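Spelled out from the first residue to the last, the chains are:
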Amino acid sequence: MNIERKYDAWLPITSYNKIMKVLIVKMCELTDMSSTMLRTLAIVRGLLLSNADVEMLVLSNNELQKKYEFLNDVCINVLESGNTKSNDLDKKSFKIKAFSQKVARKIYHRVFPFDKTYFKVNKIELSNIRYKYYDVIISDSDPKTSHVACKTLISKGLKCGKWVEYWGDPLAADITVKTIYPKTFLKHIEQRLFDKADKIVYTSPFTLEDQKKAFTSFSDKMFYVPTGYLEHKIFELPKEGKAIVTYTGAYYSTVRNIIPLYEACKELDQVKCIITGDTDLKLPKASNIEIQSRGPADYELKISSLIVCIMNKEGCQIPGKLYHCAGTNKKILVILDGDNIEETQLFIQQWNRFYYCLNNKDDIKEAIKRIIADKQEWSPLKEFAPDVVANSLIG
């Protein structure tokens, strides 16, 4: 495979003595609408930069190749997702169906530790992929059924030089999972997924330490690798008018506390705040605050004077947005919260790239005013470049 690759000139390219065959298993739709998929796409791009032969196994593909040219160099295997279209439903029927599905989904997640893709991955066959041997297989969650799918393929005879389990949130310690099962039961399931893996990777150093303590027999093959950004982006920085503060991403009240940011911006006449993402809150619009539902955030990123990243209320995960936005020249404010405030502060200080403050209105107000006045110019962090992260992952 001798393909001319036209990517960022400053990214180093690692040459292998042979073309490395890599299979990435991710049991969801191939889309760029989630942080976890952006993390996956960064790995794909990084492996291509290292001249690997990359293959993906996903549930469905929404033709993302049209947006990202590098995906044309990837063999993408697709399982039928089985989604049912509801375009023919009238408005009333659609609302009833949507409500019924929401209730059913809540019940399902209470009584089952995996999402609905579990019932598809157990039917995966070797015929769904090209080769019977890969140098590296990466099972990439979320969803966590990606690891189940990989284990199923291996049990059916798939061979590999190394199996890397790439975890976003862990299973038993995932703060977003509300299940009837005790953590001991979830840990048992998690342990069985670790059993055959050669390397277990987490995107937060704090999650890594907690997992090493929880699963001491597997601690030697557990590692931390930061999330990579997909591509570096240099924007023309806004020079006139109000400073634009943007928050993009989910902000469910059980996971992140966005209220202090909302209240702080409401009292800052010199800024316009745009909040975009899924939530269970109903934040009223203010004269200088715009609330938007989830959608592509390319425009918000382009016009932003300051990008805000809010840490979780509990747990030890690092939001993927912190890494993705580090691939830009934008100012980034990390709002510290949760169980590891001091540790997180020390963690982000090592790159001298992020501003930070505590998650209360007054601290946020002062931080925003200080950052807007700061004339410091920033560059993308090369430590999170896609090929650097990809080589750390498979190494």
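Since we're looking at a predicted model, the values are computed, not measured.

Another point: the overall build of the protein. A count of helical and extended segments in the protein gives 12 helices and 15 strands. Residue burial in the protein is summarised as follows: out of 395 residues, 50% are buried. Once local pairs closer than 6 in sequence are excluded, the contacts in the protein between residues at least 24 apart make up 72%. Accessible surface computed for the protein: about 19500 Å², of which carbon and sulfur atoms make up 50%.

Now for the sheet that holds strand β15 (residues 355-358). The 6 strands are arranged β12-β11-β10-β13-β14-β15 in an open sheet whose pairing can be described as parallel. Every other strand in the sheet has two partners, leaving β12 (289-292) and β15 as the edge strands with one partner each. Taking each pair of neighbouring strands and ignoring which way they run, the sheet shows an average axis angle of 20°. As judged from the 5 bridges shared by strand β13 (residues 306-310) and strand β14 (residues 331-336), these two strands associate in the parallel manner.

What follows is about the pairing of β15. The alternating pattern of β15 places Y355 and C357 on a buried face and Y356 and L358 on a face that is not buried. The pairing of β14 with β15 spans 4 bridges and is parallel. From the neighbouring strand, L336 faces β15, where its bridge partner is L358. What joins β14 to β15 is helix α10 (residues 341-349), and the crossover it makes is right-handed.

This part covers the confidence of the model for the protein. The pLDDT averaged across the protein works out to 86; a share of 85% of its residues lies at or above 70. Every residue in residues 1-17 scores below 50 in pLDDT, and together they form 35 contacts with partners more than four places removed in sequence or on other chains. In this model residues 82-89 is a low-confidence stretch, pLDDT under 50, and it forms 7 contacts with partners more than four residues away in sequence or in other chains.

The next subject is the nonpolar core. In terms of nonpolar packing, the biggest core is built from 32 residues, with I24, L41, I43, V44, L47 and I138 touching the most fellow members. Within the residue set of this core, elements represented by two or more residues are β1 (21-25), α1 (35-49), β3 (53-58), β6 (133-140), β7 (159-167) and α12 (386-394). With 6 residues, the top contributor of residues to this core is α1. Dropping the residues within four chain positions of it, I138 is found in contact with V22, L23, I24, V25, I43, L47, V164, Y166, L393 and I394. Among the nonpolar cores identified, the runner-up in size contains 30 residues, and L59, I189, I200 and Y202 belong to it.

Moving on, we get to the sheet that holds β1. If you trace the 7 strands from one edge of the open sheet to the other, you get β5-β3-β1-β6-β7-β8-β9, paired in parallel fashion. Two strands close off the open sheet at either side, each with one partner strand: β5 (75-78) and β9 (222-224). When strand polarity is set aside, the average angle formed by the axes of neighbouring strands in this sheet is 20°. In terms of strand pairing, β3 meets β5 through 4 bridges, oriented parallel.

Further remarks concern the side chain of R353. Structurally, the position occupied by R353 is in the loop between α10 and β15. Polar contacts involving the side chain of R353 include one to the main-chain carbonyl oxygen of S379, which spans 3.3 Å. Contacts of R353, omitting those with residues within four sequence positions, involve C325, T328, N329, K330, I332, W378, S379 and L381.

All told, the structure shown has 13 aromatic pairs when counted by the stated rule. Judged by centre distance (5.0 Å) and plane angle (75°), the ring pair of Y323 and F384 falls under edge-to-face. Placement of the pair is Y323 in helix α9 (residues 320-325) and F384 in the loop between α11 (361-373) and α12, with a sequence separation of 61 residues. For the pair formed by Y323 and F384, the shared burial category is buried. Each ring, one from F347 and one from W351, has its centre 4.9 Å from the other, and the planes form 85°; the classification is edge-to-face. Classification of F347 by relative accessible area gives buried; the value is 7%. Three or more aromatic residues link up through ring pairs in this structure, and these residues are F206, Y224, Y323, F347, W351 and F384. For the cation-ring pair, K21 lies above Y131, with the distance from its terminal atom to the ring centre recorded as 5.0 Å.

Below, the discussion takes up the pairing of β13. By the criterion of burial, β13 is predominantly enclosed, with 5 of the 5 residues buried. Across the two faces of β13 the burial is the same, with L306, V308 and I310 and I307 and C309 all buried. In this sheet, β13 lies alongside strand β10 (residues 243-248) in parallel orientation, the contact comprising 2 bridges. Its bridge partner being in β13, T246 is matched across the sheet by I307.

Thresholds applied
Residues numbered from 1 in each chain as written. Predicted model: local features only at pLDDT ≥ 70, side-chain atom pairs only at ≥ 80, totals over all residues. Heavy atoms only, no water. Helix = DSSP H or I, 4+ residues; strand = E, 2+ residues; numbered from the N terminus. Buried < 20%, exposed > 50% of the residue type's maximum accessible area, 1.4 Å probe, protein only. Contact = heavy atoms within 4.5 Å. Areas by Shrake-Rupley, 256 points an atom, 1.4 Å probe, with all protein chains shown as cover. Pairing = 2+ DSSP bridges. Axes fitted to C-alpha atoms, helices over the stretch in contact; angles between N-to-C directions. Right-handed = clockwise from strand over helix to strand, strands pointing away. pLDDT = per-residue confidence, 0-100. Core = buried A, V, L, I, M, F, W, Y, C linked by side-chain atoms within 4.5 Å. Polar contact = N/O pair within 3.5 Å; in protein donor to acceptor, adjacent residues only side chain to side chain. Phe/Tyr/Trp six-rings, centres within 6.5 Å; stacked < 30°, edge-to-face > 60°. Lys NZ or Arg CZ within 6 Å of the ring centre and 35° of its normal.

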